[in-house]
Amino acid sequence: MIVSLIAAIDRRGGMGWDGGLPWHLTDDLKHFKRRTMGHHLILGRKTFDGLDVTLSGRSLIVLSRDASYKAEGAQVAGSLAEALALAEAAGEDEAFVGGGAEVFAEALAGADRLYLTRVEAEVEADVFFPELDENKWELLGEEAFVQGRKNDFGFAIQVLGRAK
Ligand SMILES: NC(=O)c1ccc[n+]([C@@H]2O[C@H](COP(=O)([O-])OP(=O)(O)OC[C@H]3O[C@@H](n4cnc5c(N)ncnc54)[C@H](OP(=O)(O)O)[C@@H]3O)[C@@H](O)[C@H]2O)c1
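The paragraphs below set out a description of the structure included in this document.

## A look at the site of the ligand
Now for step 1: Around the ligand, the surrounding shell holds 26 residues, and the nearest of these are Ala-8, Thr-47, Ser-64, Arg-65 and Glu-106.
Now for step 2: Separating an oxygen atom of the ligand from a backbone N or O atom of Arg-65 is a distance of 2.8 Å.
Now for step 3: The backbone of Val-103 places a nitrogen or oxygen atom 3.5 Å from an oxygen atom of the ligand.
Now for step 4: Considered on its own, the ligand offers 930 Å² of accessible surface; in the complex 88% of this is hidden by protein.
Now for step 5: Only strand 1 (2-9), strand 2 (14-16), helix 2 (45-49) and helix 4 (101-107) provide two or more residues apiece to the shell around the ligand.
Now for step 6: Element by element, the count of residues in the shell around the ligand is highest for helix 4, at 4 residues.
Now for step 7: Residue composition of the shell around the ligand, by class: 9 nonpolar, 11 polar and 6 charged.

Pasting the structure below:
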């Protein structure tokens, strides 16, 4: 099983504001759906609680250290290792870690692939993606999207793999 992180970040790594996303990017949401559909998707409790959409078609695992926490429509795991073990035991081939910042900070070191949406903006943010050592990653693909009615900003979706 490979472990992939999927995130959207601005030029400074900003990725959230006040419990939600700091932008509306329809084409990126479509990409997120397409990539994660049918797979295990691991989310931090704060991200899960802040969702304003239902993530049907994904096997959701929510991380919480609160043993009494219940998440409707999702399994709950007490650690990242436990979440990954649940996905692997279910026969998953690519498990997605979908944030937020606290979960990315832990998961980056063990990630095999990054789907990184680079938003062409500097927005007000209160959570940030961890620092990325660009030498450790190689660009496998990139697709650009323009600003417009559907997307607050232009952005490029990059697929990055571990540098050989
Ligand atoms: N731009 C993007 O791609 C993107 C993606 C996702 C989220 N976001 C944004 O990011 C923000 C939320 O991020 P955040 O860093 O504040 O919170 P978060 O990572 O979503 O959730 C943090 C919570 O997850 C649980 N948790 C984290 N690591 C854990 C571990 N190793 N073991 C067990 N439980 C663990 C804890 O829950 P308990 O407190 O219950 O113990 C912790 O308080 C929001 O603004 C959201 O919109 C942006």
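## Quick word on the sheet that holds strand 4 (residues 59-63)
Now for step 1: Sheet architecture is open: 8 strands sit in the order 5-4-3-6-1-7-10-9, paired in mixed fashion. Sheet topology places strand 5 (75-77) and strand 9 (137-145) at the edges, where each strand pairs with a single neighbour. Averaged over all neighbouring strand pairs, the angle between strand axes comes to 25°, with direction disregarded.
Now for step 2: Inspection of the sheet shows strand 4 paired to strand 5 by 3 bridges, in the parallel sense. Opposite Leu-63, over in strand 5, you have Ala-77 as the bridge partner.

## A short note on the pattern of salt bridges
Pairing of side chains with opposite charge becomes possible as their charged atoms draw close.
Now for step 1: On inspection of all chains with the given rule, the structure shows 7 salt bridges.
Now for step 2: For the salt bridge of Glu-134 with Arg-118, the shortest nitrogen-to-oxygen distance reads 3.5 Å. With a gap of 16 residues between them, Glu-134 in the loop between strand 8 (127-128) and strand 9 and Arg-118 in strand 7 (residues 113-119) connect regions that are remote in the sequence.
Now for step 3: When its relative accessible area of 47% is taken as the criterion, Glu-134 is described as partly exposed.
Now for step 4: By relative accessible area, Arg-118 is classed as partly exposed at 26%.
Now for step 5: In this structure, the salt-bridge partner of Glu-138 is Lys-164, at a minimum N-O distance of 3.3 Å. With Glu-138 in strand 9 and Lys-164 in the segment after strand 10 (155-162), the pair connects residues that are 26 residues apart, well separated along the chain.
Now for step 6: Note on Glu-138: relative accessible area 28%, which makes it partly exposed.

## Side note on the environment of Leu-63
Now for step 1: Of note, Leu-63 is situated in strand 4.
Now for step 2: Residues within four places of Leu-63 in sequence aside, it is in contact with Ile-42, Leu-43, Gly-44, Arg-45, Ala-77, Ser-79, Leu-80, Ala-83 and Val-103.

## What to know about the environment of Phe-155
Now for step 1: If you trace the backbone, Phe-155 turns up in strand 10.
Now for step 2: Taking the relative accessible area as the measure of exposure, Phe-155 reaches 0% and is therefore buried.
Now for step 3: With 71 residues separating them along the chain, Phe-155 and Leu-84 place their C-alpha atoms 30 Å apart.
Now for step 4: Once you skip the residues sitting within four places of it in the chain, Phe-155 turns out to touch Leu-25, Asp-27, Asp-28, Thr-117, Arg-118, Val-119, Glu-120, Glu-143, Ala-144 and Phe-145.

Scoring rules and cut-offs
Residues numbered from 1 in each chain as written. Predicted model: local features only at pLDDT ≥ 70, side-chain atom pairs only at ≥ 80, totals over all residues. Heavy atoms only, no water. Near = heavy atom within 4 Å. Polar contact = N/O pair within 3.5 Å; in protein donor to acceptor, adjacent residues only side chain to side chain. Areas by Shrake-Rupley, 256 points an atom, 1.4 Å probe, with all protein chains shown as cover. Helix = DSSP H or I, 4+ residues; strand = E, 2+ residues; numbered from the N terminus. Nonpolar A, V, L, I, M, F, W, Y, C, P; charged D, E, K, R; others polar. Pairing = 2+ DSSP bridges. Axes fitted to C-alpha atoms, helices over the stretch in contact; angles between N-to-C directions. Salt bridge = Lys/Arg side-chain N within 4 Å of Asp/Glu carboxyl O. Buried < 20%, exposed > 50% of the residue type's maximum accessible area, 1.4 Å probe, protein only. Contact = heavy atoms within 4.5 Å.

Limitation: the analysis is restricted to geometry and does not speak to function.
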